[in-house]
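# Observations on the model geometry
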Amino acid sequence: QGDTLLWFHSPMCGPCRVMHPQVRALAAKGRAHEVDVTQHHALARALHVMATPTTVRVRGGKVVDVRLGVLTAAELDRLACR
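Residues numbered from 1 in each chain as written. Predicted model: local features only at pLDDT ≥ 70, side-chain atom pairs only at ≥ 80, totals over all residues. Heavy atoms only, no water.

## Things to note about the environment of Pro53
Here Pro53 shows up in the loop between helix H2 (41-46) and strand S3 (54-59). The spacing of Pro53 and Ser10 is 43 residues in sequence and 7.6 Å in space, taken between C-alpha atoms. (Helix = DSSP H or I, 4+ residues; strand = E, 2+ residues; numbered from the N terminus.)

## Notes on the state of the cysteines
Counted according to the given criterion, the structure contains one disulfide. Across the disulfide from Cys13 sits Cys16; the S-S distance is 2.4 Å. Judged by the sign of its S-S torsion, about 80°, the bond between Cys13 and Cys16 is right-handed. Cys16 carries the same exposure label as Cys13, and that label is buried. (Disulfide = S-S within 2.5 Å. Buried < 20%, exposed > 50% of the residue type's maximum accessible area, 1.4 Å probe, protein only.)

## Description of the pattern of salt bridges
Counted under the stated rule, the structure contains four salt bridges. Among the salt bridges present, the one from Asp3 reaches Arg57, with a minimum N-O distance of 2.6 Å. Of this pair, Asp3 sits in strand S1 (residues 3-9) while Arg57 sits in strand S3, placing them 54 residues apart in sequence. According to the relative accessible area criterion, Asp3 is buried, its value standing at 19%. Where Arg59 meets Asp3, a salt bridge forms, and the shortest distance between an N and an O atom there is 2.7 Å. Of this pair, Arg59 sits in strand S3 while Asp3 sits in strand S1, placing them 56 residues apart in sequence. Three or more residues are tied together by salt bridges with common partners; here these are Asp3, Arg57 and Arg59. (Salt bridge = Lys/Arg side-chain N within 4 Å of Asp/Glu carboxyl O.)

## As for the side chain of Asp3
A polar contact is formed between the side chain of Asp3 and the side chain of Arg57, at a distance of 2.6 Å. Apart from residues no more than four positions distant in its own chain, Asp3 is found in contact with Arg57, Val58, Arg59 and Cys81. (Polar contact = N/O pair within 3.5 Å; in protein donor to acceptor, adjacent residues only side chain to side chain. Contact = heavy atoms within 4.5 Å.)

## Structural notes on a nonpolar patch on the surface
Together, Val63, Val66 and Leu68 give the surface a local cluster of nonpolar side chains, amounting to about 280 Å² of exposed area. Residue placement: Leu68 occurs in strand S4 (residues 62-68). When its relative accessible area of 66% is taken as the criterion, Leu68 is described as exposed. (Patch = residues over 30% accessible without salt bridge, like charges linked within 9 Å, V, L, I, M, F, W, Y side chains within 5 Å. Areas by Shrake-Rupley, 256 points an atom, 1.4 Å probe, with all protein chains shown as cover.)

## Here we look at the sheet that holds S4
In sheet architecture, strand pairing relies on hydrogen bonds along the backbone and comes in two forms, parallel and antiparallel. Taken together, the four strands give an open sheet; going across it, the order is S2-S1-S3-S4, and neighbouring strands pair in mixed fashion. Across the chains shown, the open sheet's two edge strands, defined by having one partner strand only, are strand S2 (33-36) and S4. Sheet twist, expressed as the mean angle between neighbouring strand axes with direction ignored, is 25°. Relative to S3, S1 is paired through six bridges, and the arrangement is antiparallel. Bridge pairing links Asp3 to Arg59 in S3. (Pairing = 2+ DSSP bridges. Axes fitted to C-alpha atoms, helices over the stretch in contact; angles between N-to-C directions.)

Right under this line is the structure:
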């Protein structure tokens, strides 16, 4: 199985709004998935997401990388699935 990049955000999160254009562009290319924690509580809890923004890389069903806070476009691109 390939990697999956999950970006956890919330509508009221200022730092999330800063990252959103870059994540949206990656998601449009199938390289990332946006997860609104206000709508997907169970998934956020299952992956122990306690704050937003949190970026999680999953490989074969296992978390392999977690990044808290705002990431630059270059950092997101390196993490994003190809």
